[in-house]
Amino acid sequence: MTDKLLLFSLALVAGAWTARAPLPAGLAAIAVLWLVRSRVDRRTLVVLALVLLAGTWRARGALDRAAAMHARAVEQIGPPSRCEGEAVVIGSPVVQRGGPLASASPDESSAGQARVDVEIVRGACADRPLVEPIRARLHGAPVELARGDRVALLADLAPVHLFLNEGLNDPRPHLARSGVTSSGGVVDVRVVARGRGVRAWIDRARAHVRGRIEATFHPEAEPLARALVLGETDLRDADDEAFRGSGLSHLLAVSGTHLVLAVAGFCAMVRALLLRVEALSARMDVGRLSAAIAIPASWLYADFAGGSGSALRAAGMLSAAMLTRAAGRRPSGLRAFGGSLLVAALVDPLVGSDPSFTLSAAATAGLLGLDRPFARLLVRGPAPLRVVLRPTATTLAAMTGCTPFIAIMSPQIPLLGIAANLVAAPIGELAALPLCLGHAVLAWAPPVERGAALLGSGALIAVRAVARVTTDMGGVLSFAPPMPSQLAVIAVAAVAAGLADRARRRASAIAAGAAVVLLLEGLAVKAARPTGKLRVRALDVGQGDSLLVDLPDGGAMLIDGGGFMGSPLDTGERVVLPVLRALRRDRIDVVVISHPHPDHFSGLVSTVPAIDVGELWDTGQGEDHGAGPSYAALMRGVRKRGIPIRRPDTLCGKHSIGGAIVEVLSPCPSFLPDESANDNSLVLRISYGARAALLVGDAEVAAERALLARDPSALRADLLKVGHHGSRTSTSPDFLAAVAPAVAMVCSGVRNRYGHPDPGVMRLLAERGVHAARTDRGGEIVWETDGHDVRLSRPAAR
């Protein structure tokens, strides 16, 4: 029964992966069913297949609903707008003080303010009435709010930008799970009616505990304590980097281990108290009663601690174990694990796409399946050595289970993570965690509370010191994120190894899986450098430009990197570098800064130092006129590395690069000092065979006139990257007639305040029979040609 429950649960959870990557996940599912055929009867195999199909159908429906929900929000809100109406608080307020905000919102978080999710039930945006409720994530809200509060709201809102790019994590599962389709900042909020019920009470308890942490913990430890107790992970940038780089982030997260320790301690305390009631303890097993009490306690605490996927999965697993204990039966780890997965998948069809849930489940699977084998392999020698090696085996088992999924979320794995965990985990789990949890209920005894805060601060700062030292020592393994096909092979190999009844067969399954993963990696590297094709990829970086051009000989050009003015969001870290890693590209032959505006060069500030660059093309206007400290830092870094910088005086004209002809048409012979940076944009025409692409940066009408006056015939192209994001100041009728493209790329974002692309430009394109592909409608755009035929695709919109 236990094996079947776990199999059914895994089949249902796998539906989320099958919906997103049907071919590799479907083939993996067929392989797994074939592997387990000798362990289960035919009827069970059929049921497993039906459960997988049901999970896939539910997940696909949830993804489609999320996409439709986002599209409706874009239509309702339009460009960033001031919205007014009545809303209900649906998410616990989360204070964010340590680092930059996680969204592209321009609003800032400060003392006494929080991030909160609300549902606007009625109102209007820019005098357009909302036709249906809309969920929004707001920054700058009062920390005193609680779920269920009804508020009168005035806020600046915009639809969230999804950054849909092939090879990057799909944002739609999170959208489907939260329902939050817009974000922005609070202008004014007034509570109309206070919420009631358990959730409102929990939020007020969170506010009380937060206040006591702020009042009593050391300032350096206060953000760490809030992360550990409340799940408010807003560490200072240096601390966040240290914990991630050392593999110790889980010590500050409300993880499954964290919840189990907290609830198990509570259960033991309740049992000890019940044992003192002689009339009760003499008549029944009070351990069963305390286990029953622990079930609601686990869910209450998971919600109090932020309600992350890992905490909720742990609450489900713990509830299953406690229910078994309350019924007088012996708990089973596998049964509890399978039960928690089943409940989670029934509640959320996309739970397999929740990073915290997936990591928690993978770590638990690693512990259940690998802890004992690793212990038998490693725990040898004298007793003092075994004391060290036993936790090493446990840590290694958990990390082995997590590694494939960590690789998806981050391109780096700390090699010193095991050693760091051996030092920091005892401090974090045996000192910091109980002290911080105990502190949360000690406000009635101020001296004891201050003592717990003092000791807890010391433990947390000690854990941070381990994280910093480990990160400073380096030892980080970097690699490309695994593809869905590689993850499918890893899953099949893990099942085959788990089912093997002999060590030799187990080793053969692992070796075969590793060989296939390496083979797929080689094919991916080859596919990422296509030969005999010119490919222009417009990345979805929001309101900005970033074009990756694959050249016919396998080389590449990167034109711009996107960016946001006045926002902490780094499009280089968020989009450009992850795309390059997913495409297995660590070298760019030519990086081009079309012109020195932040929405074009800012993403390059973090991208260029992380890759090998052949040369950089730049108009020179940024340094001549001064484009700000970020631009200056980028250019200093380029010169320090000895990367050649080329300007229009050496670029104007035709060049044979990578098997294509790249012609620099403007600004020639140099930028015009009296013209705007937009009209001084580098204009490139890239041709291969009989086909060509014209990439004009943010060139406006003045630049278009100059190009037309010089040689209209030189502008002819099959693809036009529309100037200035489709602004009404670009793409004049005469210019469009000279280019005569079949396809127009429009790089814009749903959060832009300028109304890009202009409806008049879109009408002009339609009237001329030009197919307009927009990054704000479907994400990344890929145009490619073999010199004769042309193909346009929207891979991330599938």
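About the criteria used
- Residues numbered from 1 in each chain as written.
- Predicted model: local features only at pLDDT ≥ 70, side-chain atom pairs only at ≥ 80, totals over all residues.
- Heavy atoms only, no water.
- Helix = DSSP H or I, 4+ residues; strand = E, 2+ residues; numbered from the N terminus.
- Rg over C-alpha atoms; globule rule 2.2 N^0.38 Å.
- Buried < 20%, exposed > 50% of the residue type's maximum accessible area, 1.4 Å probe, protein only.
- Disulfide = S-S within 2.5 Å.
- Core = buried A, V, L, I, M, F, W, Y, C linked by side-chain atoms within 4.5 Å.
- Pairing = 2+ DSSP bridges.
- Axes fitted to C-alpha atoms, helices over the stretch in contact; angles between N-to-C directions.
- Salt bridge = Lys/Arg side-chain N within 4 Å of Asp/Glu carboxyl O.

Caption draft 1: Just the overall build of the protein, in detail. Within the protein, the secondary structure is distributed over 26 helices and 24 strands. For the protein, whose C-alpha radius of gyration is 29 Å, the value lies close to the compact-globule estimate of 28 Å for 798 residues. Its C-alpha atoms give the protein principal-axis dimensions of roughly 100 × 65 × 50 Å. Within the protein, the fraction of its 798 residues that count as buried is 51%.

Caption draft 2: Fine view of the state of the cysteines. Summed over all chains, the structure comprises two disulfides. At a sulfur-sulfur separation of 2.0 Å, the disulfide partner of Cys83 is Cys125. On the sign convention where negative means left-handed, the S-S torsion of about 110° between Cys83 and Cys125 marks this disulfide as right-handed. Here Cys83 is found in strand β1 (residues 81–89), whereas its partner Cys125 is found in strand β3 (residues 113–125), with 42 residues between them in sequence. Note on accessibility: Cys83 and Cys125 belong to one class, buried. Across the disulfide from Cys652 sits Cys668; the S-S distance is 2.0 Å. Around the S-S axis, the bridge from Cys652 to Cys668 shows a dihedral of about -105° and counts as left-handed.

Caption draft 3: The arrangement of the nonpolar core in detail. One finds Phe217, Phe243, Leu248, Leu259 and Leu460 to be the most contacted residues of the largest nonpolar core, which totals 46 residues. Residue assignment for this core shows that the elements contributing at least two residues are α5 (198–216), α6 (222–230), α7 (237–246), α8 (256–275), α10 (286–304), α11 (309–326), α15 (417–439) and α16 (446–473). Judged by nonpolar contacts, the second largest core, of 30 residues, contains Ala528, Ile588, Val613 and Leu634.

Caption draft 4: View of the sheet that holds strand β19 (residues 691–695). Pairing is mixed in the open sheet, where seven strands are placed in the order β16-β17-β18-β19-β20-β21-β22. The open sheet is flanked by β16 (653–657) and β22 (771–774), the only strands paired with a single partner. The mean inter-strand angle of the sheet, taken between neighbouring strand axes irrespective of direction, is 20°. Note: β16 against strand β17 (residues 660–666), five bridges, orientation antiparallel. The partner of Gly653 across the bridge, within β17, is Val664.

Caption draft 5: Region of interest: the pattern of salt bridges. Considering all chains together, one arrives at 41 salt bridges under this definition. Between Glu232 and Arg226 there is a salt bridge, and its shortest N-O distance comes to 2.8 Å. Like Glu232, the residue Arg226 is buried in the burial classification. Linked by salt bridges that have partners in common, Arg206, Arg210, Glu222, Arg226 and Glu232 make up one network.

Read these as geometric descriptors, not functional statements.
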